[in-house]
Amino acid sequence: MPNQHQVKAKKHLGQHFLKDENIAKKIADTLSLKGYNDVLEIGPGMGVLTKYLLKKNITTHVIEIDTESVEYLKNNYLNLADRIYEKDFLKYDLTEIFKDKPFAIIGNFPYNISSQIIFKTLEMRHQIPEFSGMFQKEVAQRICSKEGSKVYGILSVLTQAFYDADYLFTVPPSVFNPPPKVDSGVLLLTRKANYTLPCNESLFFKVVKTGFQQRRKTLRNSLKALNLSDNLKANTIFGQRPEQLSVSAFIELTSLIEKDKN
Ligand code: SAH
């Protein structure tokens, strides 16, 4: 029996191993399997989720930074074969694996790099039609929240500009080993049919990020660094705070700024 010792959880890698098989299966089942033939699992650990992905009609790839977990996977999931990548998800060029093919992302993610996982996904949105998995509950809620909510911010606006974001269910600390200090939340991101914004996309990222750097201030103040004309800043939209603006209002704002610059 190759099923040797379990991997020892390392705190600096955000390792909290899921013990509950039903929840693992439920997360794997969130994938629609539509629009892609490959899925990339981030941080498989000992493969609790991976084994359910391997049962599906899809090619599973896993990327894991921890050598001990990689050894465990190699010994216990022979049919993963050469699709185990011992790499840092944040640094690895994923086109090495997928070329220009579309792929889904899934995982019970390392919570210490949640925002960076989302930002990298957004950068690669042209190849990622679906993204599903588990974050710290507060982060999952933030990504899915709407304008007016206290947790609405950069992650919410940038994600929802390109994806429909659904908060699916909450998972308690007790089903992990070791248990994290916080609840977890599973979400599903489905790329919009039309995910090209009707404004300059890099300016949109800049406006959203700059606007939320001072979320209590009006946009007139928080966007000072963009050197906008007084005429533009007289527009009532600038009297609002960033947390009041919907995604489409941010797009409209970006278009106004774009015109002002021309
Ligand atoms: N999916 C497993 C493990 C979750 S813990 C389970 O549910 O049990 C998070 C996993 O992400 C750990 O295995 C950790 O080693 C891995 N990890 C942490 N940072 C990573 C990174 N930058 N790139 C790839 N994997 C990472």
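Residues numbered from 1 in each chain as written. Predicted model: local features only at pLDDT ≥ 70, side-chain atom pairs only at ≥ 80, totals over all residues. Heavy atoms only, no water.

Undergrad: What should I look at first to understand the pattern of salt bridges in this one?
TA: For the structure on display, the rule yields twelve salt bridges. The salt bridge involving K56 is made with D29; its shortest N-O contact spans 2.7 Å. In this pair, K56 sits in the loop between α2 (50–53) and β3 (59–63) while D29 sits in the loop between α1 (21–28) and β2 (38–42), placing the two residues 27 residues apart along the sequence. One continuous salt-bridge network, built from bridges that share partners, spans R215, R216, R241 and E243. (Salt bridge = Lys/Arg side-chain N within 4 Å of Asp/Glu carboxyl O. Helix = DSSP H or I, 4+ residues; strand = E, 2+ residues; numbered from the N terminus.)

Undergrad: Where do I start with the packing of helix α8 (residues 201–213) against helix α11 (residues 247–261) in this structure?
TA: Each pair of packed helices can be summarised by the angle the axes make with each other and by the distance between the axes. Taken N-terminus to C-terminus, the directions of α8 and α11 make an angle of 110°; their axes are 9 Å apart at the nearest point. The angle between the axes of α8 and α11 places the two elements in the roughly perpendicular class. In this structure, α8 uses L203, F204, V207, V208 and F212 to contact α11, whose residues at the interface are V247, F250, I251, L253, T254, I257, E258 and K261. (Axes fitted to C-alpha atoms, helices over the stretch in contact; angles between N-to-C directions. Parallel < 35°, antiparallel > 145°, perpendicular 65-115°, else oblique. Contact = heavy atoms within 4.5 Å.)

Undergrad: In this structure, what is going on with the domain arrangement of the protein chain? I would like to understand it.
TA: Entries for the protein chain in the domain assignment read domain 1 (11–191) and domain 2 (201–261). Taken together, the contact pairs 14 residues of domain 1 with 14 residues of domain 2. In total, domain 1 and domain 2 occlude about 1200 Å² of area from one another, counting both sides; carbon and sulfur atoms represent 71% of this. Where E201 meets R125, a salt bridge forms, and the shortest distance between an N and an O atom there is 2.8 Å. The tally of links from domain 1 across to domain 2 stands at five residue pairs in polar contact (both at pLDDT 80 or more). Tallying contributions element by element places helix α7 (residues 154–162) first for the side of domain 1 that touches domain 2, with six residues. Taken together, the residues of the side of domain 1 that touches domain 2 sort by class into seven nonpolar, four polar and three charged. (Domains from an automatic or database assignment. Buried area = accessible area lost by both parts, 1.4 Å probe. Polar contact = N/O pair within 3.5 Å; in protein donor to acceptor, adjacent residues only side chain to side chain. Nonpolar A, V, L, I, M, F, W, Y, C, P; charged D, E, K, R; others polar.)

Undergrad: It is not clear to me how the site of the ligand should be interpreted in this structure. Could you clarify?
TA: Taken together, 21 residues form the shell around the ligand, and within it Q15, G43, E64, D88 and N108 come nearest. Between the ligand and the protein, one listed contact pairs a nitrogen atom with a backbone N or O atom of P44 at 3.5 Å. E64 places a polar side-chain atom, nitrogen or oxygen, 2.5 Å from an oxygen atom of the ligand. (Near = heavy atom within 4 Å.)

Undergrad: How should I be thinking about the environment of I143 in this particular structure?
TA: Topologically, I143 is positioned in helix α6 (residues 137–144). A C-alpha to C-alpha distance of 23 Å links I143 and I63, two positions 80 residues apart in sequence.

Undergrad: Teacher, can you tell me more about the sheet that holds strand β6 (residues 130–136) here?
TA: Backbone hydrogen bonds are what pair the strands of a sheet, in a parallel or an antiparallel way. One open sheet accounts for seven strands, arranged β4-β3-β2-β5-β6-β9-β7; its pairing is mixed. Each end of this open sheet is capped by a strand with a single partner; those strands are β4 (84–85) and β7 (163–171). Taken together, the five bridges between β2 and β3 define a ladder with parallel strand orientation. Bridge pairing in β3 places E41 opposite V62. (Pairing = 2+ DSSP bridges.)

Undergrad: Would you take a moment to explain unusual backbone geometry for this structure?
TA: Across the junction of N177 and P178, the peptide omega takes the value -10°, indicating a cis bond. Note that P178 resides in the loop between β8 (176–177) and β9 (184–191). Even without being glycine, L33 reaches a positive phi, approximately 65°. Judged by relative accessible area, which is 31%, L33 ranks as partly exposed. (Buried < 20%, exposed > 50% of the residue type's maximum accessible area, 1.4 Å probe, protein only.)

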